[in-house]
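Topology and contacts: notes
Read off the chains here:
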Amino acid sequence: MSHTLEWKVRIHLYEDDAGTTKAELLLDTGAGELTALGTAHCNPADEDVPRIGDELAAGRGLSDLARQLLKAAEQDIQGMGTPRPEDRQVAGWPG
């Protein structure tokens, strides 16, 4: 059975007045949306390199999004009556 989808993730990056870089992510699956957040703070002793703050905030936001997707998949699997295996920490199939 063939199955193809395209999901789009939008990442909005900005810096607040306190110097914190923030990433707001929106995943549109076509059937619903998930939002995630990530932040980065520049140590006052470090050189301010905005690209690094953007990368950290976006990466942390993507990590948050990944956790949400895995949780949603696990709930969907359990909703189908499949018990969670005791020896697995996260939902999914072997890689």
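This is a predicted model, so every value here is computed, not measured.

Reading the values: the criteria
- Residues numbered from 1 in each chain as written.
- Predicted model: local features only at pLDDT ≥ 70, side-chain atom pairs only at ≥ 80, totals over all residues.
- Heavy atoms only, no water.
- Helix = DSSP H or I, 4+ residues; strand = E, 2+ residues; numbered from the N terminus.
- Buried < 20%, exposed > 50% of the residue type's maximum accessible area, 1.4 Å probe, protein only.
- Contact = heavy atoms within 4.5 Å.
- Core = buried A, V, L, I, M, F, W, Y, C linked by side-chain atoms within 4.5 Å.

Structural notes on the overall build of the chain
On a plain count of helices and strands, the chain comes out with 1 helix and 3 strands. Reading the helices (α) and strands (β) of the chain from amino to carboxyl end gives β-β-β-α. Residue burial in the chain is summarised as follows: out of 95 residues, 17% are buried. In the chain, 28% of the contacts between residues at least 6 apart in sequence involve partners at least 24 apart.

Describing the nonpolar core
Counting 7 residues, the largest nonpolar core is built from Ala23, Leu25, Leu27, Ala36, Ala40, Ala57 and Leu65. Among the secondary structure elements, those contributing two or more residues to this core are strand S2 (20-28), strand S3 (33-41) and helix H1 (50-79). Sort the elements by how many residues they give to this core and S2 lands first, with 3 residues. Leave out the neighbours within four places in its chain, and Ala57 touches Leu13, Thr21, Lys22, Ala23, Gly38, Thr39 and Ala40.

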